[in-house]
Amino acid sequence: MTDANPLLDFSGLPAFDRIAPDHVGPAIESLLAQAETALDTVTAADFPAQWTAIARELDVATERLGRAWGAVSHLNSVADTPALREAFNAMLPRVTEFWTRLGADERLYAKYKAIDPATLDAAQRQAHRNAIRNFVLGGAELVGEAKQRFAAIQERQAELSQKFSENALDATDAFAHYASAEEMDGVPDDVRHATRAAAQAEGREGHKLTLKMPCYLPVMQFAHRSDLRQRLYRAYVTRASDQAEGDATRFDNGALIREILALRQEEARLLGYANFGEVSVVPKMADSPTEVIRFLRDLARRARPHAERDVADLRAFAASELGIADPQPWDWPYIGEKLKEARYAFSEQEVKLYFTAPKVLAGLFKIVETLFEVEIRRDQAPVWHPAVEFYRIERGGQLVGQFYLDQPARPGKRGGAWMDDVRARWRRPDTAGLQTPVAHLVCNFAEGVDGKPALLTHDDVITLFHEFGHGLHHLLTQVDERDVSGISGVEWDAVELPSQFMENFCWEW
């Protein structure tokens, strides 16, 4: 099987259409062994302390491991199945153990400290500074039992984080309420059609309501029935908790959260910090947790008077116009929509008619092409679902980067929206060739109904532009050093700048 294993083929893009659960173990074991060999090679006493020499051996091996494991992790997020989850969890401890050990290897740490920064270019010097910092945060200066405990903490945290994500996904997918036509009074037609079709696909009557955002949010905003809104609200806010209804408490994440917090505190103490907040800000722009808290409290102080006026306005409107004297949490989205309709003649559902997904995407691409003097074209690549689209970005006929776009929500797909890298721009030390970057752009929008294009809310449009900003950050980089190209090596509180920049265009005519 190994010879035909798609996870071991790095000649092109990932073969997402051929990767199967039984490929995961053999491929990752093989790549871990190669990475171990590379680590032993570069940490040998006679191996030169030279950036390019180390990269040619170790970075090439670890980059392949990262790309293969990244493909598995991505599929686990967007196309979860019991078999894939089992394969992923079987290898998670091994992968975590390797990366933890690599980041704490005192031999490799010494080799990096011996590199002469004067021999490096600007990008390499920044990557080198980051590497030294990351060795310290990775426990490279710990010894004895402290080092062993630090490694055990990393492995346990990876296990807990994965289980947390699984519980959140399973709790979301497990909920369904089959509403009657009467209960759906006020809900937009496109949502009614979609939920009716979902029920019919299961041979059920009524409308299948789920906690996926394209279904949940319109019901909360437009359903006239307060009891329906309450049912969905309670199910949504108690997902993966001990407050969930019935046997849904089996997805409770409470114990996981408590253990994760305790492990983070222990990790911080091992590294010489008072708390995990201090560890978290080391690679970020903020200097301390105190600075972060001070900023947030100042923001709250400035925002609170405006929020209080809005709440008072909504309460008055609800009492006088809707007969809701004591609004409950599940009433606020509904009240807000009714106020906008009454006072500003604004209806999100009417606005959606102008935001068909193809039109929004064309507008986004036009803005990007104009701003950055590039061309975006459809491209071909193996994908994990028929709804996934693939594009290439060119400048002057030359390939700049490529990206996958996965827009619709579906079972087995993690909620929310995110951008992730498939591979980074890199002047490869093993071939001297330029590797172009590739990215994932993932959203959870509603699907089209009856063959019609999907309709996006304005919030959906903002989300798409936001994630595309992250994608552009990764794809348009001109840095050739892998560890600091694109989104790599960027302070995590600065990485939001391009995405926030792109959001501005959603408010321009």
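Given the structure is predicted, the values throughout are model-derived calculations rather than measurements. (Residues numbered from 1 in each chain as written. Predicted model: local features only at pLDDT ≥ 70, side-chain atom pairs only at ≥ 80, totals over all residues. Heavy atoms only, no water.)

(A) Spotlight on the overall build of the protein. Tallying secondary structure elements over the protein gives 17 helices and nine strands in all. Across the 509 residues in the protein, those meeting the buried criterion constitute 46%. In the protein, the share of contacts with a sequence separation of at least 24, taken over all contacts with a separation of at least 6, comes to 65%. For the protein, the exposed area adds up to about 25,300 Å²; of that, 53% sits on carbon and sulfur atoms. Measuring between centres, the 58 positive side-chain charges of the protein sit 1 Å from its 77 negative side-chain charges. (Helix = DSSP H or I, 4+ residues; strand = E, 2+ residues; numbered from the N terminus. Buried < 20%, exposed > 50% of the residue type's maximum accessible area, 1.4 Å probe, protein only. Contact = heavy atoms within 4.5 Å. Areas by Shrake-Rupley, 256 points an atom, 1.4 Å probe, with all protein chains shown as cover. Lys, Arg positive; Asp, Glu negative; His and termini not counted. Charge placed at Lys NZ, Arg CZ, Asp CG, Glu CD.)

(B) Structural view of the environment of Leu102. Take Leu102: it is sitting in helix α3 (residues 82-103). When its relative accessible area of 12% is taken as the criterion, Leu102 is described as buried. Measuring from C-alpha to C-alpha, the distance between Leu102 and Val490 comes to 21 Å, with 388 residues separating the pair along the chain. Excluding its chain neighbours within four sequence positions, the residues that come into contact with Leu102 are Leu39, Leu58, Thr62, Leu108 and Phe135.

(C) Geometry of the side chain of Gln349. In this structure, Gln349 sits in helix α14 (residues 348-352). A relative accessible area of 15% means that Gln349 is categorised as buried. At 3.4 Å, the side chain of Gln349 forms a polar contact with the side chain of Lys352. If near-sequence neighbours (up to four positions away) are discounted, Gln349 is found in contact with Pro188, Asp190 and Phe222. (Polar contact = N/O pair within 3.5 Å; in protein donor to acceptor, adjacent residues only side chain to side chain.)

(D) Expanded view of the packing of helix α12 (residues 289-322) against helix α13 (residues 332-344). Relative to each other, α12 and α13 sit at 80°, their axes nearing to 10 Å. Relative to α13, α12 is oriented roughly perpendicular. Between α12 and α13, the contacting residues are Val311, Asp313, Leu314, Arg315, Phe317, Ala318 and Leu322 on the first element and Trp332, Tyr334, Ile335, Gly336, Lys338, Leu339, Ala342 and Arg343 on the second. Here the contact of α12 with α13 is composed, by residue class, of 10 nonpolar, one polar and four charged. (Axes fitted to C-alpha atoms, helices over the stretch in contact; angles between N-to-C directions. Parallel < 35°, antiparallel > 145°, perpendicular 65-115°, else oblique. Nonpolar A, V, L, I, M, F, W, Y, C, P; charged D, E, K, R; others polar.)

(E) Representation of unusual backbone geometry within the structure. With a phi close to 55°, Ala240 is a non-glycine residue in the positive phi region. Its location among the elements puts Ala240 in the loop between α9 (226-237) and α10 (254-270). Of the residues examined, Ala240 reaches a relative accessible area of 12% and is grouped as buried. Positive phi outside glycine occurs at Asp450, with the angle close to 55°. Take Asp450: it is sitting in the loop between β9 (438-445) and α16 (458-475). Accessibility expressed as a relative area gives 65% for Asp450, which makes it exposed.

(F) Spotlight on empty space enclosed by the protein. Scanning the entire structure with this criterion turns up one cavity of 30 Å³ or more. Counted as a void, the largest cavity has a volume near 100 Å³. Along its surface, the largest cavity is lined by 13 residues, and Asp9, Phe10, Pro14, Arg67 and Ala68 are the ones closest to its centre. Of the residues assigned to the lining of the largest cavity, the class counts are 10 nonpolar, one polar and two charged. (1 Å grid on protein atoms, 1.4 Å probe; cavity = no way out; pocket = protein on both sides within 12 Å on 5 of 7 lines; lining within 4 Å. Points joined across faces, edges and corners; volume = space filled by probe spheres on them.)

(G) The packing of aromatic side chains, seen in detail. Summed over all chains, the structure comprises 17 aromatic pairs. Among the aromatic side chains, those forming a connected cluster through ring pairs are Phe16, Trp384, Phe390 and Tyr404. For Arg482, the ring lying beneath its charged end belongs to Trp426, and the centroid distance is 5.1 Å. (Phe/Tyr/Trp six-rings, centres within 6.5 Å; stacked < 30°, edge-to-face > 60°. Lys NZ or Arg CZ within 6 Å of the ring centre and 35° of its normal.)

(H) Main features of the environment of Asp17. Mapped onto the elements of the fold, Asp17 is located in the segment before α1 (21-42). For the pair Asp17 and Trp384, spaced 367 residues apart in sequence, the C-alpha to C-alpha distance is 5.4 Å. Every residue in contact with Asp17, bar those within four places of it in the chain, is listed here: Pro382 and Val383.

(I) Expanded view of the sheet that holds strand β6 (residues 418-423). Reading across the sheet, the five strands line up as β3-β4-β5-β9-β6 and stay open at both edges, with mixed pairing between neighbours. In the strand order of this sheet, the two ends are held by β3 (375-378) and β6, each with one partner. The mean inter-strand angle of the sheet, taken between neighbouring strand axes irrespective of direction, is 25°. Across six bridges, strand β5 (residues 398-408) lies against β9 in parallel orientation. Bridge assignment links Pro408 to a residue of β9, and that residue is Phe445. Contacts from α16 reach β3, β4 (389-395), β5, β6 and β9 within the one sheet, and its direction differs from that of β9 by about 170°. (Pairing = 2+ DSSP bridges.)

(J) Representation of the pairing of β4 in the model. For β4, the buried fraction is high: five of the seven residues fall into the buried class. Inspection of the sheet shows β3 paired to β4 by four bridges, in the antiparallel sense. Within β4, the position partnered with Arg378 by the bridge is Tyr391. The hairpin formed by β4 and β5 contains two residues between the paired strands, and Gly396 there has a positive phi angle of roughly 60°.

(K) Focus on a nonpolar patch on the surface. A cluster of nonpolar residues, Val292, Ile293, Phe295, Leu296 and Leu299, forms a patch on the protein surface that exposes about 440 Å² of accessible area. Mapped onto the elements, Leu299 comes out in helix α12. (Patch = residues over 30% accessible without salt bridge, like charges linked within 9 Å, V, L, I, M, F, W, Y side chains within 5 Å. Salt bridge = Lys/Arg side-chain N within 4 Å of Asp/Glu carboxyl O.)

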